[in-house]
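This is what each chain is made of:
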Amino acid sequence: MSSLPHEILTVDFCVVGGGIAGLCAAVAAARHGLAVALVHNRSVLGGNASSEIRQHIGGACFTGHYPDAREGGIVGEVWGAIRRKGGGPSVNDYAESSYVLLDFCWREPNLRLVMNTHVDEVNMEGRRIRSIGGTQSTTGLRFTVLAPQFADCSGDAHLAFLAGCRFFTGQEGRAQFAESLAPAEPRQLTMGNTILFQAEETKTEVAFEKPDWAPDLSALDIYWNLHPPLTPLTYGSWTFEYGGQLDTVRDAEQIHAELVKIVYAAWADLRNRFPDELARHRLSFISSLPGKRESRRVVGDHVLTQNDIVETRRFPDDVTYAGWSLDLHNPEGFYGKERPTTFYFFPEIHSIPLRCLYAADTDNLWLAGRDISVTHIALGGARLMASCGLQGEAIGIAASFAVAERLSCLETCKSQIGPIQQAILRDGGYIPGVPNRDEDDLARRATVSATGAATLDPGAIESWDRIGAGVGVAMPIVSGRLDALEIPVRNPLDEKVEMRAILQPNRYRRDFHPTAVVAERTILVPPGQSWAHFDFGWDLTPDLWMIHLFATEPSLEIGQTSQRVTGVHAADHFPDGKPEEFARQLGLPDPPRWVRRFNSERVASPESFHRTPCFRVTPPQAAYAAENVVNGISRPERLPNLWISGEILPQTIRLAWPEPVMIGEARIVFDDDMDLPMPHREVSPTLVRDYELHGIGAGSSTLLAEVSNNRLRLAVHRFAETPISALELKILSTHGIPQARVCEIRCYRGS
Ligand SMILES: Cc1cc2nc3c(=O)[nH]c(=O)nc-3n(C[C@H](O)[C@H](O)[C@H](O)COP(=O)(O)OP(=O)(O)OC[C@H]3O[C@@H](n4cnc5c(N)ncnc54)[C@H](O)[C@@H]3O)c2cc1C
């Protein structure tokens with residue numbers, strides 16, 4: 001009898017599962033100096049975003065519902081790289097994703113990829129995982145990986161399962177976590193799996209015969225009413241969903257077979273329904289593996305629930321965030337009579353604490369992806385792939401502290417959380433409510449100036465839109481005073497129309513929910529075009545303020561711009577019963593009457609994405625001052641938190657110190673418009689393209705870095721440690737706009 005050839009690897013951190021979560025965990029840890037093994041059971045990386053499944057990476061901003069919420073960090077880099085190969089969100093654009101991801105891994109010298117290897121063995125020493133084992137299908141090689149720290153990014157929590165950790169499956173009953181959206185009793189139902197497919201047009205007619213094994217769908221009308229019927233041709237529809245009433249791990253093969261039958265049946269049905277449009281189309285892609293949405297969720301030291309999300313609870317050990325919505329699919333999937341999914345929007349992007357990202361029953365098993373410690377309801381938004389990527393990056397960084405300090409996950413969380421959070425921010429990440437407190441960052445002690453700075457000004461009117469039931473505008477008022485607000489209006493009537501502006505603070509950055517009326521002004525708008533002038537004469541704390549605009553005549557029009565006016569967002573008013581119903585379902589104290597302006601036009605076109613009303617404010621608001629680059633927050637929150645120059649390039653921003661400082665590293669966060677969802681563009685027009693970095697010391701200037709065609713949000717420059725009294729960043733060009741925009745500058749001594 002022979003035994004399998006065997007290879008033993010000893011690393012610092014072993015990640016199992018090469019989906020987006022695992023990839024980001026492995027890359028982050030490798031960049032933080034750990035020797036990493038990424039063990040993955042497929043020949044293509046990316047999990048559901050791989051070239052074999054081809055689901056596009058989505059994230060917190062949900063096509064714009066939550067402003068400025070797009071994910072940065074490693075998953076932001078991944079996104080950009082995939083888009084460079086494709087462009088949009090269609091399945092075709094993920095044809096090369098696995099190779100883009102391979103490229104990502106191959107660039108990391110500390111990262112060893114072990115592909116085609118299914119992990120099926122876990123060896124424990126008390127509460128610690130000592131090693132894991134798996135067999136490589138292509139070589140027959142048996143791998144054993146020894147490491148002090150492991151991560152389960154397998155989606156199905158295979159490692160945690162084999163390690164004997166507790167986990168959840170199905171839907172928790174309402175009483176278990178007091179979740180209003182949960183069913184009254186626990187149910188073994190999950191979201192189902194999906195096969196994506198695509199068709200392409202050929203030059204001649206293509207025959208297609210429905211295989212006998214494919215069901216007859218002619219009586220099943222519900223699906224075609226729910227989604228634009230030809231969408232699968234260009235996009236790959238997620239509604240071909242099945243298996244939520246089965247066990248998505250144990251019954252995966254049965255589910256796969258049924259999904260293949262559904263795809264062929266649906267294709268036959270589509271061709272019958274649209275004979276003219278589809279006669280020349282053939283099936284060009286059917287994913288070889290269904291994408292999986294939900295299976296096991298491992299119990300951590302905190303279980304994230306609906307209430308944590310809906311109440312916007314922030315935790316001391318927050319390391320990342322998620323948004324999107326609570327997107328809860330109907331377990332009946334394709335054959336269901338009800339809607340295939342329901343999106344429940346909560347008020348603000350939600351936090352995820354580190355305690356959700358390790359298994360409570362072991363000392364050294366981190367979690368990222370859809371197997372983290374959340375309830376079925378809370379998985380609704382946390383499972384989006386960009387969110388999974390951020391979780392992965394967070395645990396990769398946390399593992400580097402655990403390895404360095406020889407700590408368990410829990411000990412790491414208790415004793416290292418501050419440094420972990422700061423490391424995440426330093427790498428370009430974002431944790432709501434956690435600012436830069438990095439003592440080593442010399443930029444925090446610098447005085448900042450610039451050749452010029454823009455003030456809050458949406459610019460010229462580009463189009464007009466009806467005021468309808470009401471329009472809200474969130475705007476940063478930083479001067480402590482709002483004397484007057486002017487809005488361009490067009491009154492289509494022959495008589496004056498009453499218009500009201502209400503000044504209100506809002507509760508969270510992203511929910512437009514007013515908490516009190518501070519001031520209210522009513523004016524009469526004459527027929528035709530004019531500027532509606534509201535005298536407020538009001539002292540305010542510098543903050544994000546809401547102006548709600550109403551008119552007695554809904555056809556009154558407001559002039560608007562489609563330019564990105566950072567920090568300014570528009571909301572629509574919903575006076576009807578829907579918000580009440582929504583609040584009741586979600587357990588919100590007040591109906592969410594104001595929702596960010598959201599229309600299909602915006603989703604389809606980046607040009608219309610930022611559409612907001614134009615306005616003029618008195619006094620001018622210096623919302624984009626140079627000092628913002630060292631204020632500790634590197635993206636728009638309540639205030640814009642970035643420097644925007646005047647409208648001529650080049651422009652220079654300067655950090656100066658009273659005494660010379662030794663600097664060997666500069667980190668610059670450019671504005672890649674984190675409000676714009678990813679599928680739109682490879683880089684945003686706001687991103688700086690060409691720039692120079694100069695060190696000024698002892699009367700001379702040294703060129704520290706010179707970059708052309710930058711495509712990164714976070715630029716890290718390392719150079720020989722140099723004594724300087726000032727650092728100058730000269731912006732020469734951007735990818736589209738004539739202004740320099742910089743969110744953050746950090747300076748460190750050399751490493
Ligand atoms: C059809 C569909 C549509 C979706 N739509 C979107 C969307 O539009 N945008 C979005 O962002 N998200 C979407 N999602 C959700 C998202 O894809 C998942 O939540 C996400 O992929 C989870 O990431 P993950 O890395 O945890 O798991 P996965 O993507 O499942 O990756 C885990 C990887 O681990 C590997 N693995 C498993 N077990 C082992 C083992 N024992 N040994 C080694 N390797 C192993 C698997 O092969 C897999 O590749 C969708 C999901 C589906 C199914």
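Quick look at the structure, then. (Residues numbered from 1 in each chain as written. Predicted model: local features only at pLDDT ≥ 70, side-chain atom pairs only at ≥ 80, totals over all residues. Heavy atoms only, no water.)

1. Thoughts on the site of the ligand
Alright, step 1. Near the ligand there are 32 residues, and of these Asn 41, Asn 48, Gly 58, Arg 383 and Met 385 occur at the shortest range.
Alright, step 2. Between the ligand and Asn 48, the relevant distance is 2.8 Å, taken from an oxygen atom to a side-chain nitrogen or oxygen of the residue.
Alright, step 3. Separating an oxygen atom of the ligand from a backbone N or O atom of Arg 370 is a distance of 3.0 Å.
Alright, step 4. For the ligand, the protein covers 94% of the area, taking 990 Å² as the surface of the free molecule.
Alright, step 5. Split into classes, the residues belonging to the shell around the ligand amount to 10 nonpolar, 17 polar and 5 charged. (Near = heavy atom within 4 Å. Polar contact = N/O pair within 3.5 Å; in protein donor to acceptor, adjacent residues only side chain to side chain. Areas by Shrake-Rupley, 256 points an atom, 1.4 Å probe, with all protein chains shown as cover. Nonpolar A, V, L, I, M, F, W, Y, C, P; charged D, E, K, R; others polar.)

2. Some remarks on the layout of surface pockets
Alright, step 1. Taken as a whole, the second largest pocket spans an internal volume of roughly 1200 Å³.
Alright, step 2. Along the walls of the second largest pocket sit 44 residues, with Arg 31, Ile 74, Glu 77, Leu 714 and Val 716 positioned nearest its centre.
Alright, step 3. Tallying contributions element by element places helix α2 (residues 73-85) first for the lining of the second largest pocket, with 7 residues.
Alright, step 4. The residue makeup of the lining of the second largest pocket, split by class, is 17 nonpolar, 9 polar and 18 charged. (1 Å grid on protein atoms, 1.4 Å probe; cavity = no way out; pocket = protein on both sides within 12 Å on 5 of 7 lines; lining within 4 Å. Points joined across faces, edges and corners; volume = space filled by probe spheres on them. Helix = DSSP H or I, 4+ residues; strand = E, 2+ residues; numbered from the N terminus.)

3. Details of the nonpolar core
Burial of nonpolar side chains together is a common tendency in soluble globular proteins.
Alright, step 1. In terms of nonpolar packing, the biggest core is built from 122 residues, with Ile 57, Ile 132 and Trp 366 touching the most fellow members.
Alright, step 2. In terms of residue count, the dominant contributor to this core is helix α12 (residues 385-405) (12 residues).
Alright, step 3. What Ile 132 contacts, discounting residues up to four positions off in sequence, is Cys 14, Val 16, Val 39, Val 119, Glu 121, Val 122, Phe 143, Thr 144, Val 145, Phe 150 and Leu 159.
Alright, step 4. Counting 38 residues, the second largest nonpolar core, distinct from the first, contains Ile 477, Phe 534, Leu 540 and Ile 547. (Core = buried A, V, L, I, M, F, W, Y, C linked by side-chain atoms within 4.5 Å. Buried < 20%, exposed > 50% of the residue type's maximum accessible area, 1.4 Å probe, protein only. Contact = heavy atoms within 4.5 Å.)

4. Here's the deal with the pairing of strand β16 (residues 326-329)
Alright, step 1. Alternating residues of β16 divide into Leu 326 and Leu 328 and Asp 327 and His 329, and every residue in both groups is buried.
Alright, step 2. For β16 and strand β17 (residues 341-344), the ladder comprises 4 bridges, and the chain directions are antiparallel. The partner of Leu 328 across the bridge, within β17, is Thr 342. (Pairing = 2+ DSSP bridges.)

5. Brief notes about the sheet that holds strand β29 (residues 569-573)
Alright, step 1. Pairing is antiparallel in the open sheet, where 6 strands are placed in the order β25-β24-β27-β22-β29-β30. Taken across any chain shown, the strands that pair with only one partner, and hence form the sheet edges, are β25 (519-525) and β30 (594-596). Within this sheet the neighbouring strands show an average axis-to-axis angle of 30°, counted without direction.
Alright, step 2. As defined by bridge partners, strand β24 (residues 497-505) adjoins β25 across 7 bridges and the pair is classed as antiparallel. Among the inter-strand pairings, Arg 500 is bridged to a residue of β25, identified as Thr 522. (Axes fitted to C-alpha atoms, helices over the stretch in contact; angles between N-to-C directions.)

6. Some thoughts on the environment of Ser 555
Alright, step 1. One can find Ser 555 in the loop between β27 (543-551) and β28 (557-561).
Alright, step 2. The spatial distance from the C-alpha of Ser 555 to the C-alpha of Ala 268 is 46 Å, given a sequence separation of 287 residues.
Alright, step 3. The residues contacting Ser 555, other than those within four sequence positions of it, are Arg 466, Arg 490 and Pro 492.
Alright, step 4. A polar atom in the side chain of Ser 555 sits 2.6 Å from the side chain of Glu 553.

7. Some points on the pattern of salt bridges
Alright, step 1. One pass over the full model with this rule turns up 52 salt bridges.
Alright, step 2. Residue Glu 294 pairs with Arg 297 through a salt bridge whose shortest N-O separation is 3.7 Å. There is no split in this pair, since Glu 294 and Arg 297 are both buried.
Alright, step 3. A salt bridge links Asp 543 to Arg 638; the shortest N-O distance between them is 2.7 Å. With Asp 543 in strand β27 and Arg 638 in the loop between β32 (616-618) and β33 (643-644), this residue pair connects regions lying 95 residues apart in the sequence. (Salt bridge = Lys/Arg side-chain N within 4 Å of Asp/Glu carboxyl O.)

8. Quick look at α2
Alright, step 1. Taking 1.5 Å per residue as the helical rise, α2 with its 13 residues ought to reach 18 Å, and the 19 Å between its terminal C-alpha atoms agrees with that figure.
Alright, step 2. Within α2, 10 of the 13 residues are buried, which leaves it mostly tucked inside the rest of the structure.
Alright, step 3. Where α2 is concerned, the buried positions are Gly 73, Ile 74, Val 75, Gly 76, Val 78, Trp 79, Gly 80, Ala 81, Ile 82 and Arg 83.
Alright, step 4. Among the structural elements, α1 (20-31), α3 (97-106) and α12 are those in contact with the buried residues of α2. (Expected span 1.5 Å × (residues − 1).)

9. Observations concerning the packing of α2 against α12
Alright, step 1. Where α2 contacts α12, the two axes come as close as 7 Å, and the packing angle between them is 135°. When the axes of α2 and α12 are compared, the pair comes out oblique. Along its contact with α2, which presents Gly 73, Ile 74, Val 75 and Trp 79, the element α12 presents Met 385, Ala 386, Gly 389, Leu 390 and Glu 393.
Alright, step 2. Along the lines of polarity and charge, the residues of the contact of α2 with α12 split into 6 nonpolar, 2 polar and 1 charged. (Parallel < 35°, antiparallel > 145°, perpendicular 65-115°, else oblique.)

10. Thoughts on the packing of aromatic side chains
Alright, step 1. On inspection of all chains with the given rule, the structure shows 20 aromatic pairs.
Alright, step 2. Relative to Phe 345, the ring of Phe 62 lies with its centre 5.1 Å away and its plane at 75°, an arrangement referred to as edge-to-face. Here Phe 62 is found in the loop between β3 (36-39) and α2, whereas its partner Phe 345 is found in the loop between β17 and β18 (350-353), with 283 residues between them in sequence. Comparing Phe 62 with Phe 345 shows no difference in burial state: the two are buried. (Phe/Tyr/Trp six-rings, centres within 6.5 Å; stacked < 30°, edge-to-face > 60°.)

11. Some words on unusual backbone geometry
Alright, step 1. The omega angle of the peptide bond from Thr 618 to Pro 619 is -5°, so this bond is cis rather than trans.
Alright, step 2. Mapped onto the secondary structure, Pro 619 falls in the loop between β32 and β33.
Alright, step 3. The phi angle at Asn 641 is positive, at roughly 55°, despite the residue not being glycine.
Alright, step 4. Its location among the elements puts Asn 641 in the loop between β32 and β33.

12. A look at the sheet that holds strand β4 (residues 111-114)
Alright, step 1. A sheet is described by the order of its strands in space; here 5 strands give the open sequence β4-β3-β2-β8-β19, paired in parallel fashion. The strands lining the two open edges of the sheet, one partner per strand, are β4 and β19 (365-367). Ignoring which end each strand starts from, the neighbouring axes of this sheet average 20° apart.
Alright, step 2. Of the strand pairs in this sheet, strand β8 (residues 149-152) and β19 are connected by 3 bridges, and their pairing is parallel. By the bridge assignment for β19, Asp 152 is matched with Leu 367.

13. Let's talk about α12
Alright, step 1. With 21 residues, α12 extends 30 Å from end C-alpha to end C-alpha; this agrees with the ideal 30 Å at 1.5 Å per step.
Alright, step 2. Extensive coverage of α12 is indicated by the burial of 19 of its 21 residues.
Alright, step 3. Positioned one or two residues after α12, Arg 406 has a phi angle of 55°, which is positive.

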